[in-house]
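Now for the letters of each chain:
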Amino acid sequence: MSVKGKVILVTGASQGIGRGIALRLAKDGANLALVDLKAEKLEAVRKEVEALGVKATTAIADVSKRDEVFAAVDHAEKTLGGFDVIVNNAGIAQVKPLSEVEPADLERIFRINVDGVLWGIQAAARTFQARKQKGKIINASSIAGHDGFAMLGVYSATKFAVRALTQAAAKEYASQGITVNAYCPGIVGTDMWVEIDERFSEITGTPKGETYKKYVEGIALGRAQTPADVAALVAFLASDDSDYITGQAILTDGGIVYR
Ligand SMILES: NC(=O)C1=CN([C@@H]2O[C@H](COP(=O)(O)OP(=O)(O)OC[C@H]3O[C@@H](n4cnc5c(N)ncnc54)[C@H](O)[C@@H]3O)[C@@H](O)[C@H]2O)C=CC1
Ligand SMILES: CC(=O)C(C)=O
């Protein structure tokens, strides 16, 4: 299984799962284009990646803005001399009972979690087509893209939508040698879960840390997921070993959701 020499763009690469994916792909020999809004943290990840002996470049882009995603892909191709894989990882969470959701809530999270993935799909596919080569598109869904979670209803809707886009894009691009898949993590100990836990506390009065603990206790394998666990699946999906897989939304959750 190898991604050696491939050019791979990862969004949301400044921290958490995106950083974990970048480090794993760099260890496996890929050259990386790192995209995020957080410039300082992104620069730190670039240095970590380069220390592993591969090439890296950064682009500050808001994935909800189509032109910025297209510019980031163009930058990656020009700077790193090719373009093979995009990992549409950037996303945000939102904890709110459905009865309190307002139009602005929907707008914000859909623009990032769904539009952002679609712009990434479009920009990558356009580049693969222009280069007359095959390519891989890998999108962040979630266990919440398979089961709707209470208080995470709108977030869950965005992750179901990512699965829909993944399936449709797989069908539209298969004849061009482009595969499209999604990874569906479970409970990963990142800043996103710190924020989810805090919001649950505010809304329900549950003591801080308890919501995260309760969810982790429900994992069959008995521990929280790490970014490296997620990155192992993404590294497989980015490699040639996954060439015959397309349109799938693969669970990596230690045993929470069974499909
Ligand atoms: N943490 C978890 O338990 C799970 C996370 N996921 C998904 O994995 C992905 C990564 O999550 P985490 O690393 O946990 O989150 P995180 O909050 O730790 O990191 C997300 C990164 O995305 C960036 N980002 C956010 N909005 C952006 C925008 N508009 N443009 C560019 N970059 C933006 C942030 O700056 C941050 O660096 C997300 O799509 C999330 O929904 C899926 C299942 C479980
Ligand atoms: C953040 C996330 O996707 C879940 C379900 O924990």
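Computed from a predicted model, the values in this text were never measured in an experiment.

*Asks:* I'm lost on the overall build of the protein chain in this one. Help?
*Replies:* Assigned secondary structure in the protein chain consists of eight helices and seven strands. At 17 Å, the protein chain has a C-alpha radius of gyration in line with the 18 Å of a compact globule built from 259 residues. Its C-alpha atoms give the protein chain principal-axis dimensions of roughly 55 × 35 × 35 Å. By the burial criterion, 53% of the 259 residues in the protein chain qualify as buried. Of all intrachain contacts in the protein chain linking residues separated by at least 6 positions in sequence, the fraction that spans at least 24 positions is 72%. For the protein chain, the exposed surface amounts to about 11,400 Å²; the carbon and sulfur share of it is 54%. Counting 30 positive and 31 negative side-chain charges, the protein chain places the averaged centre of each group 4 Å from the other.

*Asks:* Would you mind showing me how to read helix α8 (residues 227-238) here?
*Replies:* Between its first and last C-alpha, α8 extends 16 Å over 12 residues, near the 16 Å set by a 1.5 Å rise per residue. Of all the positions in α8, only V230, A231, L233, V234, A235, L237 and A238 are classed as buried. Those residues of α8 hidden inside the fold are in contact with β1 (7-11), α1 (16-27), β4 (85-88), β5 (135-140), β6 (178-185) and β7 (249-252).

*Asks:* Even after reading the chapter, I still don't get the site of ligand 1, so can you show me in this structure?
*Replies:* Surrounding ligand 1, one finds 29 residues, the nearest of these being I17, D36, N89, Y155 and T190. Here an oxygen atom of ligand 1 sits 3.5 Å away from a polar atom, N or O, in the side chain of W193. The fraction of the free accessible surface of ligand 1 (830 Å²) that becomes covered by protein chains is 94%. Structurally, ligand 1 is housed in the largest pocket.

*Asks:* Any chance you could explain the layout of surface pockets here in plain terms?
*Replies:* To find leftover empty space, a probe the size of one water molecule is rolled over the atoms. For the largest pocket, the calculated volume is near 920 Å³. Lining the largest pocket we find 42 residues, and of these A90, G91, I92, A93 and M192 sit closest to its centre. Of all elements in the fold, only α1, β2 (31-36), α4 (103-131), α5 (153-173), β6 and α6 (191-204) reach the threshold of two or more residues within the lining of the largest pocket. It is α6 that provides the largest number of residues to the lining of the largest pocket, a total of five residues. Classifying every residue of the lining of the largest pocket by side-chain character gives 23 nonpolar, 12 polar and seven charged.

*Asks:* In this structure, what is going on with the site of ligand 2? I would like to understand it.
*Replies:* Every residue near ligand 2 is listed here: S142, I143, A144, Y155, G186, I187, M192, W193 and I196. Contact distances for ligand 2 include 2.7 Å between an oxygen atom and a side-chain N or O atom of Y155. Between ligand 2 and W193 there is a distance of 2.8 Å, counted from an oxygen atom to a side-chain nitrogen or oxygen. Across the complex, the protein chains shield 95% of the 220 Å² of accessible surface that ligand 2 would expose by itself. Of the pockets mapped on this structure, ligand 2 occupies the largest pocket. The leading source of residues in the shell around ligand 2 is α6, at three residues. Per-class residue counts for the shell around ligand 2 are seven nonpolar, two polar and no charged.

*Asks:* Teacher, can you tell me more about the sheet that holds β4 here?
*Replies:* Strands belonging to one sheet form pairs held by backbone hydrogen bonds; the direction of such a pair is parallel or antiparallel. Overall, parallel pairing links the seven strands, which are arranged β3-β2-β1-β4-β5-β6-β7 in an open sheet. If you trace the sheet from one side to the other, it starts and ends with β3 (56-60) and β7, each paired once. The mean angle between the axes of side-by-side strands here comes to 20 degrees, regardless of whether they run parallel or antiparallel. As judged from the five bridges shared by β2 and β3, these two strands associate in the parallel manner. Bridge pairing in β3 links L32 to A56. On the sheet, helix α2 (residues 39-50) packs against β2 and β3 and is oriented at approximately 170 degrees with respect to β3.

*Asks:* Please explain the UniProt feature "domain: Ketoreductase" (unreviewed entry) in the protein chain as it appears in this structure.
*Replies:* The UniProt record annotates "domain: Ketoreductase" (unreviewed entry) at residues 6-186. Summarising residues 6-186: 49% helix, 19% strand, and an end-to-end C-alpha distance of 28 Å.

Cut-offs used in this document
Residues numbered from 1 in each chain as written. Chains lettered and ligands numbered in written order. Predicted model: local features only at pLDDT ≥ 70, side-chain atom pairs only at ≥ 80, totals over all residues. Heavy atoms only, no water. Helix = DSSP H or I, 4+ residues; strand = E, 2+ residues; numbered from the N terminus. Rg over C-alpha atoms; globule rule 2.2 N^0.38 Å. Buried < 20%, exposed > 50% of the residue type's maximum accessible area, 1.4 Å probe, protein only. Contact = heavy atoms within 4.5 Å. Areas by Shrake-Rupley, 256 points an atom, 1.4 Å probe, with all protein chains shown as cover. Lys, Arg positive; Asp, Glu negative; His and termini not counted. Charge placed at Lys NZ, Arg CZ, Asp CG, Glu CD. Expected span 1.5 Å × (residues − 1). Near = heavy atom within 4 Å. Polar contact = N/O pair within 3.5 Å; in protein donor to acceptor, adjacent residues only side chain to side chain. 1 Å grid on protein atoms, 1.4 Å probe; cavity = no way out; pocket = protein on both sides within 12 Å on 5 of 7 lines; lining within 4 Å. Sits in = over half its atoms within 2 Å of the grid points. Points joined across faces, edges and corners; volume = space filled by probe spheres on them. Nonpolar A, V, L, I, M, F, W, Y, C, P; charged D, E, K, R; others polar. Pairing = 2+ DSSP bridges. Axes fitted to C-alpha atoms, helices over the stretch in contact; angles between N-to-C directions. UniProt positions renumbered as here; feature names shortened; annotations may be inferred.

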